[in-house]
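Each chain, written out:
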Amino acid sequence: MIQSASNHEPLIRLVDVHKRFGPMVVLDGIDLELKTGETTVVIGESGAGKSVILKHIVRLLKPDRGEVYYRSKRIDNLPERALVSIRYRFGFLFQLSALFDSMTVADNIAFPIVEHSKKGKSEIDVIVAEKLAMVGMDGFQDRWPADLSGGQKKRVALARAIAVDPELILYDEPTTGLDPPRSDEINELILKLKRELGVTSVVVTHDMASARKVADRIVMIYQGKFIFDGTPEAVMKTDDVRVRCFVEGRCSDEVLKTLQGKSEA
Amino acid sequence: MLNVFSAIGVRTTTTIGAFGQSAIFCWQMFRWLIPGLVQRSTWSRTMPLFFEIGNRTLPVILVTGTFVGLVLAIQSYDQLSAAGFENHMGILVTVSLVQELGPVLAGVMLAGRVGGALTAELGTMRVTEQISALSVMGTDPIRQLVVPRFLACLLFAPLLTFFCDVAGSLAGWFVAVMMKGIPSGPYWYHIKDAIEGWDVMVGFTKSLVFGGAIALIACYKGFHCRTGAEGVGKACTESFVISFIVILITDFFIGTFLSGLYRGLYGFKSLI
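Residues numbered from 1 in each chain as written. Chains lettered and ligands numbered in written order. Predicted model: local features only at pLDDT ≥ 70, side-chain atom pairs only at ≥ 80, totals over all residues. Heavy atoms only, no water.

**Some remarks on the overall build of chain A**
Quick reminder of the rule: Only runs of H or I of at least four residues qualify as helices and only runs of E of at least two qualify as strands under DSSP, and these elements are numbered from the N terminus. The globule rule used for comparison is 2.2 Å times the number of residues to the exponent 0.38, while the radius of gyration itself is calculated over C-alpha atoms. Only protein chains enter the accessibility calculation, which uses a 1.4 Å probe; a residue is then buried when its area is under 20% of its type maximum, exposed when over 50%, and partly exposed in between. Contacts were defined at the residue level, with two residues in contact if any of their heavy atoms lie within 4.5 Å. We treat Lys and Arg as the positive residues and Asp and Glu as the negative residues; His and chain ends play no part in the count. The location of each charge is read from NZ of Lys, CZ of Arg, CG of Asp or CD of Glu.
Assigned secondary structure in chain A consists of 10 helices and 10 strands. By the compact-globule yardstick of 18 Å for 265 residues, chain A fits well, its C-alpha radius of gyration being 19 Å. Based on the C-alpha atoms only, the size of chain A along its principal axes is roughly 65 × 40 × 35 Å. For chain A, the residues scored as buried account for 51% of the 265 residues in total. Look at the contacts in chain A between residues 6 or more apart in sequence, and 66% of them connect residues 24 or more apart. When the 38 positive and 39 negative side-chain charges of chain A are each reduced to one mean point, those points stand 3 Å apart.

Below, the structure written as structure tokens:
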């Protein structure tokens, strides 16, 4: 099992997780421990299974084989109703933001609070304003998701993810589709939330600038297995060609030869 | 040859899997529906849908009912008149509408105007991960999205059927009285004499079943559509086609069962 350098108790533990979709093996015996307060960045090529890992953590997907634990409680075999109290502790920032089109910004953020607490409207309004202020979007309460830019949607989605003060925030490609300054805004927000709320985070990305900036630890998935686990500094010095190619943003020699062969032909 | 067997095998397992998946979907919906009936939140999510469904379907159902009533009256007048039964024209028009055409046409309009829109809405929500977001926030998407839509279609279908029946009967009256010169009194008198509570119950039962089936098919297709615009479009088409076929098949079975039951309970009823 790949072990993190931190000595904290694991908040989430994936043990020998296997997952396949039809004939395609996506996770081939993944082991991962997430320590409290740590930001773990999962990198890997598109379609490598990064988002699938996140979906196993929140049990949107069940492993074909293997186990998923929240603290010491096994969650991969729990019925949906028993998962409610656990999912309540997680915040999830979706790749496409996943804001509810039929609700205003304020209603989107209030949604998880209304669903899981008996707080009054005025109290909820205060929380919504506070969360929006935290992501720099206060004053946007009455706007509709369709009226927001990509970056604004991500920030509102982030405010919704932290609405119920989660212990763990999962970020699925948080900077995808954003220009570099907007991407950096999201990176700064991730760091700010860690600093101010002390949350544990998992960030799935193939944006190396983002990964280096927010990560305490980077793991790389390749062909269903983790092939690297270390610090952002270590990932820049690794000898593993597969990791180096990814980090440096260049294709492998075999791919290069194939392409050159085709152009010569 | 092996490929043919392999394809048949894949097709069979996929079909059985889809049946199982849809059965689980229906079971989950009914499990949330029963406790949801006494929860205010369920009704607060359902009420806006009533307006939406009414707004979408009422005008088109009135037009459909009216023209079907007009055509039925025009087509039947010559035959009835030749036999000297032209005063009974209202019975033919109204019984056809109340028992058969009203529920079926309302069902088809509901499937086309509302079912397709529900599939597109839920399909888009699935593609943009909004349904996953509900699950992650500890809310069951079936309770949140399917139960209100099921209730809205279930309760609105009989109302639409009623409007279709009324529009068709009035259209029949227009042809009979205003165009063919049949006295208005006998037109309505014969209808009142022939239409029983049983006929209304048959139409009501059918419309309830159609409404519920359309909602379940539309929501299931939306929840399980493939990603991309093509996936959503395909799901909408499938939703309408399946709903249409289910309406016709269930109409036959409910009609056969209830007419058999009527004969068993009350014997043969002559309308003339």
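**Remarks on the pairing of strand S8 (residues 200–204) of chain A**
Residues and elements named next belong to chain A. What counts is decided by this rule: Whether two strands pair depends on DSSP finding at least two bridges between them.
Taken across its five residues, S8 has five buried, putting it largely inside the fold. Going residue by residue along S8, you find Thr200, Val202 and Val204 tucked away on one face and Ser201 and Val203 tucked away on the opposite face as well. Two elements, strand S3 (residues 39–43) and S8, share four bridges in a ladder whose sense is parallel. When the bridges of S8 are listed, valine 42 appears paired with valine 204. Pairing of strand S7 (residues 168–172) with S8, which is carried by five bridges, proceeds in the parallel orientation.

**Here we look at the sheet that holds strand S2 (residues 24–35) of chain A**
Residue and element names in this part refer to chain A. We apply this condition: For helices, the axis comes from a line fit to the C-alpha atoms of the stretch in contact; other axes are also lines fit to C-alpha atoms, and the angle between any two N-to-C directions lies between 0 and 180 degrees.
Spatially, the four strands line up as an open sheet ordered S2-S1-S4-S5, and their pairing is antiparallel. Two strands bound the open sheet, and with one partner strand each, they are S2 and strand S5 (73–74). The pairing of strand S4 (residues 65–70) with S5 spans two bridges and is classified as antiparallel. By the bridge assignment for S5, tyrosine 69 is matched with arginine 74. Here helix H1 (residues 50–57) sits on the sheet and contacts strand S1 (10–21), S2 and S4; the angle it forms with S1, its principal contact strand, is near 120°.

**Points about the layout of surface pockets**
Which entries qualify depends on this criterion: In this analysis, the protein atoms alone were mapped onto a 1 Å grid. Cavities are point sets where a 1.4 Å probe fits without being able to get out; pockets are open sets with protein on both sides within 12 Å along at least five of seven lines; lining residues have an atom within 4 Å of a point. Grid points are joined across faces, edges and corners, and a volume is the space filled by probe spheres set on the points. Residues were grouped as follows: Ala, Val, Leu, Ile, Met, Phe, Trp, Tyr, Cys and Pro as nonpolar; Asp, Glu, Lys and Arg as charged; and all remaining residues, including Gly, as polar.
The calculated volume of the second largest pocket comes to roughly 830 Å³. Surrounding the second largest pocket, 25 residues form its lining, Ser102(A), Met103(A), Phe111(A), Arg45(B) and Gln144(B) being those nearest its centre. Where the lining of the second largest pocket is concerned, the elements lending two or more residues are helix H3 (105–116) of chain A together with helix H2 (40–82), helix H3 (89–127), helix H4 (130–136) and helix H5 (141–179) of chain B. In terms of residue count, the dominant contributor to the lining of the second largest pocket is H2(B) (six residues). Residue classes in the lining of the second largest pocket are distributed as 11 nonpolar, six polar and eight charged.

**Here we look at the packing of H5(B) against helix H7 (residues 197–223) of chain B**
When two helices pack together, their arrangement is given by the angle between the helix axes and by the axis-to-axis distance. Residue and element names in this part refer to chain B. Keep this limit in mind: Roughly parallel covers angles under 35 degrees, roughly antiparallel covers those over 145, roughly perpendicular covers 65 to 115, and oblique covers all other angles. In this scheme the handedness of a crossing depends on how the near helix is turned from the far one: anticlockwise by less than a right angle means left-handed, clockwise means right-handed.
At their nearest, the axes of H5 and H7 sit 8 Å apart, and the two run at 150° to each other. By the angle class used here, H5 and H7 are roughly antiparallel. When the axes of H5 and H7 are compared, the crossing they make is right-handed. Taken together, the residues of H7 that come into contact with H5 (itself represented by Pro141, Ile142, Leu145, Val146, Arg149, Phe150, Cys153, Leu154, Ala157, Pro158 and Thr161) are Phe204, Ser207, Leu208, Gly211, Gly212, Ala215, Leu216, Cys219 and Phe223.

**Concerning the interface of chain A and chain B**
This is how the line gets drawn: Here the quantity called buried area is the accessible surface, traced with a 1.4 Å probe, that two parts lose on coming together, added over both. One side-chain nitrogen of Lys or Arg within 4 Å of one carboxyl oxygen of Asp or Glu is enough to make a salt bridge.
Between chain A and chain B, the residue contacts involve 20 residues of the former and 18 residues of the latter. Looking at the side of chain A facing chain B, the largest losses of area belong to Arg81(A), Phe94(A) and Phe100(A), adding up to 28% of the total buried there. Across the chain A-chain B interface, the total number found is two salt bridges. Of the charged contacts, one joins Glu129(B) and Lys55(A) as a salt bridge, the two residues approaching to 3.8 Å between their closest N and O atoms. When residues of the side of chain A that touches chain B are traced back to their parent elements, those giving at least two are helix H2 (80–87) and H3 of chain A. Top contributing element to the side of chain A that touches chain B by residue count: H3(A), with four residues. Looking at the side of chain A that touches chain B, its residues break down into 11 nonpolar, two polar and seven charged.

**Observations regarding a nonpolar patch on the surface**
All names here are of chain B. What counts here: A patch consists of residues exposed above 30% relative accessible area that lack any salt bridge, with like charges linked at up to 9 Å and nonpolar side chains (Val, Leu, Ile, Met, Phe, Trp, Tyr) linked at up to 5 Å. To be clear on the numbers: accessible area is Shrake-Rupley with a 1.4 Å probe, and residue cover counts the displayed protein chains and nothing else.
Judged by side-chain polarity, Phe240, Val241, Phe244, Ile245, Leu248, Ile249, Phe252 and Phe253 come together as a nonpolar surface patch covering roughly 730 Å² of accessible area. Examined against the element boundaries, phenylalanine 252 turns out to sit in helix H8 (residues 228–266). According to the relative accessible area criterion, phenylalanine 252 is exposed, its value standing at 52%.

**Notes on the environment of Leu122(B)**
All names here are of chain B. Considering the arrangement of structural elements, one finds leucine 122 in helix H3. As for leucine 122 and alanine 218, which are separated by 96 residues in sequence, their C-alpha atoms are 8.7 Å apart. Residues in contact with leucine 122, not counting those within four places in the same chain, are Ile131, Leu145, Arg149, Cys219, Gly222 and Phe223.

**Comments concerning the side chain of Thr94(B)**
Quick note on the threshold: In the analysis that follows, any N or O atom pair within 3.5 Å is treated as a polar contact, provided that within protein one partner can donate a hydrogen and the other can accept it, and provided that, for residues neighboring in sequence, both atoms belong to side chains.
Checked against the element boundaries, Thr94(B) lands in helix H3. Of note is the side chain of Thr94(B), whose polar atom sits 3.4 Å from the side chain of Ser169(B).

**What about the nonpolar core?**
Cut-off, in case you're wondering: Buried Ala, Val, Leu, Ile, Met, Phe, Trp, Tyr and Cys residues that are joined via side-chain atoms within 4.5 Å together make up what is termed a nonpolar core.
One finds Ile12(A), Leu14(A) and Ile53(A) to be the most contacted residues of the largest nonpolar core, which totals 81 residues. With 12 residues, the single largest contributor to this core is H5(B). For Ile12(A), the contacting residues outside a window of four places in its chain are Leu32(A), Glu33(A), Leu34(A), Ile57(A), Tyr69(A), Tyr70(A), Phe90(A) and Leu168(A). If you look at the next biggest cluster of nonpolar residues, it comprises 45 residues, including Ala106(A), Ile113(A), Met208(A) and Phe228(A).

**Thoughts on the packing of helix H1 (residues 2–36) of chain B against H5(B)**
All names here are of chain B. In contact at an axis separation of 9 Å, H1 and H5 are set at 85° when each is read in the N-to-C sense. Taken together, H1 and H5 sit at an angle that is classed as roughly perpendicular. The segment H1 lies against H5, with Phe25, Gln28, Met29, Phe30, Trp32 and Leu33 engaging Ile142, Arg143, Val146, Val147, Phe150 and Leu151. Residue composition of the contact of H1 with H5, grouped by class: 10 nonpolar, one polar and one charged.

**A short note on helix H5 (residues 150–161) of chain A**
Which entries qualify depends on this criterion: A helix is expected to span 1.5 Å multiplied by its residue count minus one.
For H5(A), with 12 residues, the first-to-last C-alpha span of 16 Å sits near the 16 Å given by 1.5 Å per residue. Inspection of H5(A) places Gly151(A), Gln152(A), Lys154(A), Arg155(A), Val156(A), Ala157(A), Leu158(A), Ala159(A), Arg160(A) and Ala161(A) among the buried residues, and these make up the whole buried set. Buried residues belonging to H5(A) abut strand S6 (90–93), H3, helix H4 (121–134), S7 and helix H6 (180–197) of chain A together with H4 of chain B.

**Focus: the pattern of salt bridges**
By the definition in use, this model includes 29 salt bridges over all chains. Bridged by salt links that share partners, the residues Glu38(A), Arg217(A) and Asp229(A) form one connected network.

**So, the packing of aromatic side chains**
The following threshold applies: Working definition: a ring pair exists when centres of Phe, Tyr or Trp rings (six-membered ring for Trp) sit within 6.5 Å. Plane angles under 30 degrees give stacked, over 60 give edge-to-face, the rest tilted. Two thresholds decide whether a charge sits over a ring: the Lys NZ or Arg CZ must be within 6 Å of the ring centre and within 35 degrees of the ring normal.
Tallied over the full model, the rule gives 14 aromatic pairs over all chains. Geometrically, the ring pair formed by Phe100(A) and Phe111(A) is edge-to-face, given 5.2 Å between the ring centres and 65° between the ring planes. Taken as a pair, Phe100(A) in the loop between S6 and H3 and Phe111(A) in helix H3 lie far apart in primary sequence, 11 residues in all. The class of Phe100(A) is buried, set by a relative accessible area of 2%. Relative accessible area serves as the criterion here: at 7%, Phe111(A) is assigned to the buried category. In this structure, Arg13(A) packs its charged tip against the face of Tyr69(A), placed 4.4 Å from the ring centre. Cation over ring: Arg143(B) sits above Trp32(B), and NZ or CZ is 5.6 Å from the ring centre.

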